[in-house]
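Each chain, letter by letter, is given below.
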Amino acid sequence: MKVLIYVGHPAQYHFFKHTIRKLKEDGNEVKLLIKTKDILELLLKEDGQEYQNIQDTFRKNTKWGILSASLKRAWAVYQIARSFKADLLAGTDSSIAQAGWLLRKPTITTLEDDVEVIKTFAKLTFPFTSNLLVPFVCRVGKWNAKKIGYAGYMKLAYLHPNYFTPDRSIVSSYGINQRFILIRLAKLSAHHDDGIKGLDRNLVDKVISTAENNGYQVFVSSETNLEERLKKYQLRIKHTDIHHVMAYASLLISDSQSMSVEAAMLGVPNLRFSDFAGRISVLEELENEYGLTIGIKTNEPQRLIDEEAKLLGMSDVRAEFQDRRKKMLDEKIDVTAFMTWFIENYPQSRRAQLDNPNYQFNFK
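The model shown is predicted, which means the values in this text are computed figures rather than measured ones.

Colleague: Whenever I open this one, the nonpolar core confuses me. Can you help?
Modeller: In this structure, Ile5, Phe126 and Ile183 are the most contacted members of the largest nonpolar core, which totals 106 residues. The contact partners of Ile183, leaving out residues within four places of it in the chain, are Leu199, Val204, Val207, Ile208, Val218, Phe219, Val220, Ser221 and Ile253. Within the second largest apolar cluster, 14 residues are counted, among which are Leu33, Ala76, Ala81 and Ala86.

Quick look at the structure:
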């Protein structure tokens, strides 16, 4: 089987990387396409992954820049998929859905955002894709007939215990041997981030002071260049080691939805400060069903500091979050195993899953 996969974000690559390995081990031919985005290409190089970059420069952060780049990617994916003679296309971008539709090939769109959060993406993608492979809780609006819901999360595909074990020696190799918190600052430049606010620098200063006053070391990871005064806190590690470091953090404070979900998958206490709080089904389930994350809107900055001090002052908070994580894992599936089965057995797998949604629990 020939499978064409496109990823446009580091977290999306992590989602697919074990599926790609399993597909290749099973004798399938896989072609991986990417675009230039944050540290995505560096991650693939560090992993020794074969890939083709179809957008080798950063796009302009304007509506026209976003649309123009999207159309160019769709044309590139179409040409490559036709030349590759792909049997199935999968990925996270409208270009996969549009190219597959033009080629009359089945497509699998993977995401975990609700349709109302990604309205533009949905308009460009949902009408053309064959399948929307999403967590059960995700809302896909009028395209529900295309939804293949699964009991899990995209981040669980690579942070499930079957695929990831935190390594303390990796963390120690960076000289991190005491209690620490991790602050993650997102760029907030995606099309669905329009008008969304997160952590400002004055609030970051208060977060740092609160942590240091409680005896914690502080590290900052940022998608943009840090101001000079924050550079002494900058986390300097290999990109592929971020989850090992995160796993041993006492607390993550972030305006990144993706990294907040990752912390929840690892059972790491985390506070997400963003206008997205209360709006995304996956994070709402993790917060309200499992207690694995706390969302705070940007009009409540003092609440963020209060919650930080509260969590840092709890001696058993990590053990409590690990117990909550165990409950979550007990109720979810091995997403990578399910994804690999779904691709390799398509279209029979689609029919099997629609006829019996509980079939997926064979992949525990």
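Further notes follow.
Colleague: Whenever I open this one, the environment of Ile118 confuses me. Can you help?
Modeller: In this structure, Ile118 sits in the loop between β5 (107-110) and α5 (119-125). The class for Ile118 is buried, based on a relative accessible area of 4%. Distance in space between the C-alpha atoms of Ile118 and Val140 is 9.9 Å, their sequence separation being 22 residues.

Colleague: It is not clear to me how the pattern of salt bridges should be interpreted in this structure. Could you clarify?
Modeller: Note that side chains of opposite charge can pair when their charged atoms are close. The full count for this structure, using the stated rule, is 18 salt bridges. Across the pair Arg73 and Asp93 runs a salt bridge whose closest N-O atoms are separated by 3.0 Å. Remark: Asp93 occurs in the loop between β4 (88-91) and α4 (94-103) and Arg73 occurs in helix α3 (residues 63-84); sequence separation between them is 20 residues. Of the residues examined, Arg73 reaches a relative accessible area of 6% and is grouped as buried. A salt bridge links Asp114 to Arg139; its shortest N-O distance comes to 3.4 Å. On the criterion of sequence distance, the pair formed by Asp114 in the loop between β5 and α5 and Arg139 in the loop between β6 (131-135) and β7 (147-150) is long-range, its members being 25 residues apart.

Colleague: Would you mind showing me how to read the pairing of β4 here?
Modeller: It is a general feature of regular strands that their side chains alternate between the two faces of the sheet. Taking every second residue as pointing to the same face, both faces of β4 are buried, with Leu88 and Ala90 on one and Leu89 and Gly91 on the other. Pairing of strand β1 (residues 2-7) with β4 involves four bridges; the strand directions are parallel. From the neighbouring strand, Val3 faces β4, where its bridge partner is Leu88. Summarising the sheet, β4 and β5 pair through three bridges and their orientation is parallel. Pairing of Gly91 across the sheet is with Thr109, part of β5. In this fold, the crossover linking β4 to β5 by way of α4 has right-handed handedness.

Colleague: Any chance you could explain the environment of Ile343 here in plain terms?
Modeller: Tracing the chain through its elements places Ile343 in helix α14 (residues 335-344). It is 8.7 Å that separates the C-alpha atoms of Ile343 and Leu23, two residues lying 320 residues apart in sequence. Once you skip the residues sitting within four places of it in the chain, Ile343 turns out to touch Met1, Val3, Thr19, Leu23, Leu88 and Ile108.

Colleague: Which parts of the structure should I look at to understand the sheet that holds strand β12 (residues 294-296)?
Modeller: Two modes of strand pairing occur in sheets, parallel and antiparallel, and in both the strands are linked by backbone hydrogen bonds. The sheet built from five strands is open, its strands ordered β9-β8-β10-β11-β12 with parallel pairing. Edge positions in the open sheet fall to β9 (217-222) and β12, since each of these has one partner strand only. For this sheet, the mean angle separating the axes of adjacent strands, direction not counted, is 20°. Here three bridges tie strand β10 (residues 251-254) to strand β11 (residues 270-273), and the two strands are oriented parallel to one another. When the bridges of β11 are listed, Ser254 appears paired with Arg272.

Colleague: What's the story with unusual backbone geometry in this structure? I'm lost.
Modeller: Peptide bonds are trans in most cases, and residues, glycine excluded, mostly fall at negative phi. For the bond from Tyr346 to Pro347, the omega torsion is 5°, close enough to zero to count as cis. The backbone of Arg104 shows a phi angle near 60°, a positive value even though the residue is not glycine. Its place among the elements puts Arg104 in the loop between α4 and β5.

Colleague: I keep staring at the pairing of β5 and nothing clicks. Help me out?
Modeller: Side-chain alternation along β5 places Thr107 and Thr109 on one buried face and Ile108 and Thr110 on a second face that is also buried. Pairing of β5 with β6, which is carried by three bridges, proceeds in the parallel orientation. The residue of β6 that forms the bridge with Ile108 is Asn131. What joins β5 to β6 is α5, and the crossover it makes is right-handed.

Colleague: Looking at this model, I keep getting lost on helix α8 (residues 201-213). Mind explaining?
Modeller: Because each turn of an α-helix spans 3.6 residues, side chains separated by three or four positions end up pointing in the same direction. Taking 1.5 Å per residue, 13 residues should reach 18 Å; α8 reaches 18 Å between its end C-alpha atoms and fits that length. The secondary structure elements touched by the buried residues of α8 are β8 (180-185), β9, β10, β11 and α12 (301-312). The positive-phi residue at the C-terminal boundary of α8 is Gly215, with phi of around 85°.

Colleague: Where do I start with the sheet that holds β7 in this structure?
Modeller: Pairing within the open sheet is parallel, and its seven strands lie in the order β3-β2-β1-β4-β5-β6-β7. The sheet is open, and its two borders are formed by β3 (52-55) and β7, each paired with just one other strand. Sheet twist, expressed as the mean angle between neighbouring strand axes with direction ignored, is 25°. Taken strand by strand, α4 contacts β1, β4 and β5, and its axis lies near 165° from that of β4.

Cut-offs used in this document
- Residues numbered from 1 in each chain as written.
- Predicted model: local features only at pLDDT ≥ 70, side-chain atom pairs only at ≥ 80, totals over all residues.
- Heavy atoms only, no water.
- Core = buried A, V, L, I, M, F, W, Y, C linked by side-chain atoms within 4.5 Å.
- Buried < 20%, exposed > 50% of the residue type's maximum accessible area, 1.4 Å probe, protein only.
- Contact = heavy atoms within 4.5 Å.
- Helix = DSSP H or I, 4+ residues; strand = E, 2+ residues; numbered from the N terminus.
- Salt bridge = Lys/Arg side-chain N within 4 Å of Asp/Glu carboxyl O.
- Pairing = 2+ DSSP bridges.
- Right-handed = clockwise from strand over helix to strand, strands pointing away.
- Axes fitted to C-alpha atoms, helices over the stretch in contact; angles between N-to-C directions.
- Expected span 1.5 Å × (residues − 1).

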